[in-house]
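# Overview (structure and organization)
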Amino acid sequence: MTDPPPQKTYRIEDLAHRTRTTVRTIRAYQDKGLLPRPERQGRANLYADIHLTRLHQIAHLLDRGYTLASIKELLDAWDTGRGLGGVLGLVTEVEGPWTDEEPARITRTELDARFGGAPDEDAVAEAVELGVLEPVDGDPDTFLVPSPQELSVAAELHAAGVPLSAISGHLRELRGQVEHIAARFLEFTTEYVFARYLDDPTHRTDAHAAEAASLVRRLRPLAQQTVDAELARAMRVFAIQHLRRRLGADDPPEQRGRTRSVDLPTETITAVEHLVGREHTSAFIALAAERELRAQALDDLATPKRVRSELGESP
């Protein structure tokens, strides 16, 4: 039986060079408990592949925006057998794209053509600030478009006569409202779905993390489907109301059939009650008023003909 190959070792300077970090950073990670202590051989500290892997993991998590404190929690989970690999898989799933839409590229000439043909530096700058356009390094005449659909909507609105400044303002307002909806949906799903994975230490294994990642994939489209359905309902309701107001239509159907209180003399109410009974008083007064209104309408229609007849004019 052959002996296993000797474990590769590194001096701290070599480790820093291979991981593109610094000696000072490696020592700081050791002091914070993020990195295991090296093996001491004589007067030298020797590091192994485990240190190399750990430094790559730390760099990966830092790039994703994690703090050193949260990284230490994840690494502690790994060291106690709770599955860092599964957690990183869940992180990758959550941080992946939440839409099937593919980004596209557009040149400045194409962009100007889609928005009327005249260059508008202010509008482009605002689109970049909003993230609708992203500059491409090394190519100042080309932009990355994260959502071609969003850009197409803006182009359609502009073609319909909406100023670009109004479109940008609307997008800023809409984004704030949509972010509120997203936050509420996340709170809702976390409370009822993901809390058991995030709060229970016994559910932090690779298997449980993989199950949580699968749930993310299944729940991901539900927020958009819910918003699409509710937006369609609300747009229909408000569009009908808006159109009726613009056309000066009568009260909408939901306003009809409602009642209002009217002050009437006590003797009038008493007389009607004696005539038709208390249970029919309201109906009798309403019908009497309606009959009077119809009679007045008939008189108004007949008056022009009667006047012409009295003046000797032919109809």
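Given the structure is predicted, the values throughout are model-derived calculations rather than measurements.

## Structural notes on the nonpolar core
Judged by nonpolar contacts, the single largest core of 17 residues is most densely connected at Ile106, Leu111, Phe115, Val132, Leu133, Phe143 and Leu151. When contributions to this core are tallied by element, the ones reaching two or more residues are helix 7 (121–130), strand 6 (139–145), helix 8 (148–159) and helix 9 (164–199). Considering every element that reaches this core, the biggest residue donor is helix 7, with four residues. Beyond its immediate chain neighbours, meaning those up to four positions away, leucine 151 contacts Ile106, Leu111, Arg114, Phe115, Val132, Leu133 and Val145. Membership of the second largest hydrophobic core comes to 16 residues, among which are Leu52, Leu55, Leu61 and Leu74.

## Thoughts on unusual backbone geometry
Positioned with a positive phi, arginine 20 is a non-glycine residue whose angle comes to about 55°. Its place among the elements puts arginine 20 in the loop between helix 1 (12–18) and helix 2 (23–31). Assessed through its relative accessible area of 82%, arginine 20 is described here as exposed.

## What to know about the sheet that holds strand 3 (residues 44–48)
One open sheet holds the three strands; their spatial order is 1-3-2, and the pairing between them is antiparallel. A strand with exactly one partner marks an edge of an open sheet, and here the two such strands are strand 1 (9–10) and strand 2 (39–41). As judged from the three bridges shared by strand 2 and strand 3, these two strands associate in the antiparallel manner. Paired with glutamine 41 across the bridge in strand 3 is alanine 44. In this fold helix 3 (residues 49–63) packs onto strand 1 and strand 3, with an angle of close to 65° to the strand it touches most, strand 3.

## Observations regarding the side chain of histidine 51
Among the secondary structure elements, histidine 51 is positioned in helix 3. With relative accessibility at 5%, the residue histidine 51 sits in the buried group. Side-chain polar atoms of histidine 51 contact the backbone oxygen of proline 36, separated by 3.1 Å.

## Concerning helix 8
Look at helix 8: 16 Å from first C-alpha to last across 12 residues, which is about the 16 Å you get at 1.5 Å a residue. Three or more residues of helix 8 are buried, namely Leu151, Ala154 and Ala155. Along helix 8, the residues classed as buried sweep out an arc of 100° about the axis, all on the same side. More than 90 degrees from the buried face of helix 8, the exposed residues found are Gln149 and Glu156.

## Digging into the sheet that holds strand 6
The strand order across the open sheet formed by three strands is 4-6-5, and the pairing between neighbours is antiparallel. Bordering the open sheet on either side are strand 4 (104–107) and strand 5 (134–136), each of which pairs with just one other strand. Neighbour-to-neighbour, the strand axes of this sheet turn through a mean angle of 40°, independent of strand direction.

## Quick look at a nonpolar patch on the surface
Taken together, the side chains of Ile181, Val227, Leu231 and Met235 define a hydrophobic patch exposed on the protein surface, amounting to about 360 Å² of accessible area. In terms of residue count, helix 10 (residues 206–247) provides more of the nonpolar patch than any other element does, three residues in total. By the secondary structure assignment, methionine 235 is in helix 10.

## A few points about helix 3
The end-to-end C-alpha separation of helix 3 is 21 Å, in line with the 21 Å expected for 15 residues at 1.5 Å each. For helix 3, the set of buried residues is His51, Leu52, Arg54, Leu55, Gln57, Ile58 and Leu61. Glycine 65 lies just past helix 3 and shows a positive phi near 95°.

Conventions and cut-offs
Residues numbered from 1 in each chain as written. Predicted model: local features only at pLDDT ≥ 70, side-chain atom pairs only at ≥ 80, totals over all residues. Heavy atoms only, no water. Core = buried A, V, L, I, M, F, W, Y, C linked by side-chain atoms within 4.5 Å. Buried < 20%, exposed > 50% of the residue type's maximum accessible area, 1.4 Å probe, protein only. Helix = DSSP H or I, 4+ residues; strand = E, 2+ residues; numbered from the N terminus. Contact = heavy atoms within 4.5 Å. Pairing = 2+ DSSP bridges. Axes fitted to C-alpha atoms, helices over the stretch in contact; angles between N-to-C directions. Polar contact = N/O pair within 3.5 Å; in protein donor to acceptor, adjacent residues only side chain to side chain. Expected span 1.5 Å × (residues − 1). Arc of directions from axis to C-beta. Patch = residues over 30% accessible without salt bridge, like charges linked within 9 Å, V, L, I, M, F, W, Y side chains within 5 Å. Areas by Shrake-Rupley, 256 points an atom, 1.4 Å probe, with all protein chains shown as cover. Salt bridge = Lys/Arg side-chain N within 4 Å of Asp/Glu carboxyl O.

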